[in-house]
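In case you want the letters, here they are:
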Amino acid sequence: MIAKLAGLRRSPLAVVVTLVAILLVVNISLTPSMLAPAQLPNTLNLLVPSVLVAMASTPSVMSGRGGIDLSVGPLLGVVNVFLVGLLVPYGLGGAGTAIPILLVLGIVTGLVSGALVAFGRLQPVVVTLGGYLVLSGVALVVMPQPVGGVPDWVSYLSGSWFGGYLPRSVLLVVVAVAVWLFLKRRGAIGLILATGSDDRAAHTSGVRVSRVLCLAYATGGLFAALAGIGLSVLIQSGDPSIGKQYTLAAVAAVALGGNPLGGGRGTLVGPILGALSLFLIQTLLSGAHVSSLWIQVVYGAVLLFAICTNSSIASRLTARPALGSP
Amino acid sequence: MSVSELPVKQVLSKGPIQLLTVVGVFVLGMLIVPDFATFSSIQAMLVIASFLGVAAIGQTFVVLIGGIDLSVPALIGAGNVIAARLAGNGMPSPVVILIVLGLGALCGAINGIVTSLWKLPSLVVTLATASVVGGAVLLWTNATLTGSAPQWLTTFTSAASGTGPIPLAPVVVLWLVLALLAQLFILRTKSGRQIYLLGANREAARLMLVSERGITTVCFALSGALAALSGLLLTGFTGAGLFTVGDPYLFQSIAAVVIGGTSLLGGRGGIVRSVLGSLTLVALTTLLIGLSLTSAAQQAVLGAVIVAVTALYGRDRALGDRI
């Protein structure tokens, strides 16, 4: 038991797992109804886009070069706006046509960023900052004002099976995780990590670094598209400006999950748990009837505290091999 | 890369291309938009560029050590609200200025200390402090427009006013003087050179007894103080304090630094580059407004242009050349 605890303490996920556990207990004791079948679909619908967008940021961060995909947030908005503002009016809103189109939209957007990073040899922050502005602008051009009217399948996804115990929006996360596991099985995630750890070493070992970078950003784009569908499920309308706020939360979730922003290491579970803990902090604050003005202050303070604790444990971890190495 | 390309590349990396970019955008504006180059229009553009430029100087310090400061908009908002509120309550201006600069530097120093002490990514640290500062300002003002600008500050930031014999608004002169001082600081002082060293190679800097904590704290404190100063100056422009006034400056301050050609990986770049970057950004925005694009289309075009401009001179070396 003690050995197990010590093992957990040394995992990079230790902090975020503990944080999620504590937050869950406090949350449930404050608002026991949160996990009740009546509330669970709403709670999870709110959570799903945050989790997916954190997953969307993960591969680009892993791929190194200071790669942070700032454009994932606006991409959420563009996917949402394309669905409600373009596909539905042109009669392409059915699940069979809309979902593939939206996913391809996400992948292509990611591919463009990846290609600019890999072949354009531009810094990822510049590329994705440009992408952030372009996508935010495009969303507003397509849909200047928020409008309602989502296709039936989006409303269907907001419901749940088994009387509230299994919300359907979770399907989106399941799809994303399945894609990740497939890529991992194929060795692609390993190549992304190798590239992020040392792209020169990866290059000399025969890794096609440019393609791997494209793959990392395209995967992020795919997850962002799923997050955009999740956002449509959540708001049940089209809103051009709501996606942007997800960008920074996604970066925070990745860092909180224990993935180094320098790339080369990390897990997918970390960012998912990071997003979950950020979400729980917010529900905790609103559940405790903290004034909405205070929420921002406390949110920032908790985030700061969490990453500091996270880092002191991570540095203890990395200190070990460094001692032995010449 | 063929040999004949080399001199061109060297010239490009030395900086005149940034100047050419400013001139290019400007000439384009003159050709396309009527009255783009009238003197009053240039005066107005310079004033708008100065608010961005002051904050971009601070951002440059942080970027040079390989960090990024996302708390700039929150501190601009805080400086703006504090200045308007205190000045509106009749507090003498020198005290207001000191308080604003002091608080900005303090918040920035906290960013720097936390970043270097725990070896954290500055992106997340500054994101968190931005949330705290932004929230505190919201609490203080109840999210309403407050205070008023003192008369002298309004004149100070008015495009129509001059500075002695110079026909430019005092705020523009202040910006350029600050930029010059900052450039001298990073080029001519020991601490300034240490900033580059820390940004270029953290390990080498440590071995050369550069205090990582000290330099990081100073850079972030400067960024905080300058962001707060930019907020204070904006009070003169907007006439009152509003906490959201800094919001557009989050990506603009980074874009100004990047367009100027300072590497976000740290160690390469300079303050004058960011001055040119700010000018390019403002001239470009004015040009796009002149083409009567909607603000959404402007944003989209601006994003594409930032990538395109950076592709001119901000490209990394090919992987094969780095082995």
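Scoring rules and cut-offs
Residues numbered from 1 in each chain as written. Chains lettered and ligands numbered in written order. Predicted model: local features only at pLDDT ≥ 70, side-chain atom pairs only at ≥ 80, totals over all residues. Helix = DSSP H or I, 4+ residues; strand = E, 2+ residues; numbered from the N terminus. Rg over C-alpha atoms; globule rule 2.2 N^0.38 Å. Buried ≥ 20, exposed ≤ 12 C-beta atoms within 10 Å, placed from the backbone. Contact = placed C-beta atoms within 7 Å. Axes fitted to C-alpha atoms, helices over the stretch in contact; angles between N-to-C directions. Parallel < 35°, antiparallel > 145°, perpendicular 65-115°, else oblique. Left-handed = near helix turned anticlockwise from the far one by under 90°. Nonpolar A, V, L, I, M, F, W, Y, C, P; charged D, E, K, R; others polar. Arc of directions from axis to C-beta. pLDDT = per-residue confidence, 0-100. Expected span 1.5 Å × (residues − 1).

Asks: Could you give an account of the overall build of chain B, with specific residues and numbers?
Replies: Scanning chain B for helices and strands turns up 14 helices and zero strands. Whereas a compact globule of 323 residues would reach a radius of gyration of roughly 20 Å, chain B reaches 20 Å, a difference of no more than 12%. Dimensions of chain B, computed from the C-alpha atoms along their principal axes, are close to 65 × 55 × 40 Å. Here chain B, with 323 residues, has 54% of them falling under the buried criterion. Intrachain contacts of chain B at a sequence separation of at least 6 include 78% that bridge at least 24 residues.

Asks: Go over the overall build of chain A, please, and point to the residues and values.
Replies: Counting secondary structure elements, chain A contains 14 helices and four strands. Here chain A has a C-alpha radius of gyration of 20 Å; the compact-globule value for 326 residues is 20 Å, and the two agree. Within chain A, the fraction of its 326 residues that count as buried is 52%.

Asks: Mind laying out the packing of helix 3 (residues 40-62) of chain A against helix 4 (residues 72-87) of chain A, listing which residues take part and the relevant values?
Replies: Residue and element names in this part refer to chain A. For the pair helix 3 and helix 4, the least separation of the axes is 10 Å and the interaxial angle reads 125°. When the axes of helix 3 and helix 4 are compared, the pair comes out oblique. Relative to helix 4, the crossing made by helix 3 is right-handed. Contacts between helix 3 and helix 4 involve Pro49, Val53, Ala56 and Ser57 from the first element and Val72, Gly73 and Leu76 from the second. For the contact of helix 3 with helix 4, a count of residues per class yields five nonpolar, two polar and no charged.

Asks: Run through helix 9 (residues 190-200) of chain B, naming residues and quoting values.
Replies: The complete set of buried residues in helix 9 of chain B reads Gln194, Ile195, Leu198 and Gly199 of chain B. Along the axis of helix 9 of chain B, the buried positions cluster into a sector of 135°, meaning they face one direction only.

Asks: Would you mind going over the interface of chain A and chain B in detail, with residue names and values included?
Replies: The partner chain B presents 43 residues to the 45 residues of chain A that form the contact. Elements with a minimum of two residues in the side of chain A that touches chain B: helix 6 (124-142), helix 10 (199-204), helix 12 (246-256) and helix 14 (292-324) of chain A. Counted by class, the side of chain A that touches chain B contains 28 nonpolar, 14 polar and three charged residues.

Asks: Run through the environment of glycine 187 of chain A, naming residues and quoting values.
Replies: Relative to the assigned elements, glycine 187 of chain A resides in the loop between helix 8 (170-185) and helix 9 (188-197). The spacing of glycine 187 of chain A and alanine 14 of chain A is 173 residues in sequence and 26 Å in space, taken between C-alpha atoms.

Asks: Quick one: what's the story with unusual backbone geometry, residue by residue and with numbers?
Replies: One non-glycine residue with positive phi stands out, namely arginine 121 of chain A, at about 55°. When you line up the elements, arginine 121 of chain A lands in the loop between helix 5 (95-118) and helix 6. Phi is positive for serine 292 of chain B, close to 50°, though the residue is something other than glycine. Examined against the element boundaries, serine 292 of chain B turns out to sit in the loop between helix 13 (271-290) and helix 14 (295-313).

Asks: Give a detailed account of the confidence of the model for chain B, specifying residues and quantitative values.
Replies: A low pLDDT score tells you not to read the predicted coordinates there in detail. All names here are of chain B. Looking at chain B as a whole, its pLDDT mean stands at 88, while 95% of the residues score no less than 70. Taken as a whole, residues 1-8 scores under 50 in pLDDT and shows one contact with residues more than four places along the chain or in a different chain. Model confidence for the complex is summarised by a pTM of 0.85, with the ipTM given as 0.79.

Asks: Quick rundown of the packing of helix 4 (residues 72-88) of chain B against helix 5 (residues 93-117) of chain B? Include the residues and the values.
Replies: To characterise two packed helices, one gives the angle between the axes of the helices and the distance between these axes. All names here are of chain B. Helix 5 packs onto helix 4 with a crossing angle of 155° between their chain directions and a minimal axis gap of 10 Å. In terms of axis orientation, helix 4 runs roughly antiparallel to helix 5. Seen from above, helix 4 lies across helix 5 with right-handed handedness. Packed against helix 4, whose contacting residues are Leu75, Ala78, Gly79, Ile82, Ala83, Leu86 and Ala87, the element helix 5 presents Ser93, Val96, Ile99, Val100, Leu103, Gly104 and Cys107 at the interface. Taken together, the residues of the contact of helix 4 with helix 5 sort by class into eleven nonpolar, three polar and no charged.

Asks: So, helix 4 of chain B: which residues are in play, and what are the values?
Replies: Residues and elements named next belong to chain B. Over its 17 residues, helix 4 runs 24 Å from end to end, which matches the ideal 24 Å to within 8%, given 1.5 Å per residue. Most of helix 4 is tucked away: 16 of the 17 residues are buried. Remark: glycine 90 follows helix 4 within two positions and exhibits a positive phi of approximately 90°.

Asks: How would you explain the environment of alanine 253 of chain A if you had to name every residue and give the values?
Replies: Residues and elements named next belong to chain A. Counting through the fold element by element, alanine 253 comes out in helix 12. Each C-alpha atom of the pair alanine 253 and threonine 58 lies 9.4 Å from the other, and the pair is 195 residues apart in sequence. Ignoring any residue separated from it by four or fewer positions in sequence, one finds alanine 253 in contact with Ala54, Pro271, Gly274, Ala275 and Leu278.

Asks: Tell me about the environment of valine 117 of chain A, residues and numbers included.
Replies: All names here are of chain A. In this fold, valine 117 is placed in helix 5. A residue is classified by how many C-beta atoms lie within 10 Å of it, and valine 117, with 27 of them, is buried. On a C-alpha basis, the gap between valine 117 and glutamine 39 in space is 43 Å, while along the polypeptide they are 78 residues apart. Excluding residues that lie within four positions of it along the chain, valine 117 makes contacts with Gly67, Leu122, Pro124, Val127, Leu213 and Tyr217.

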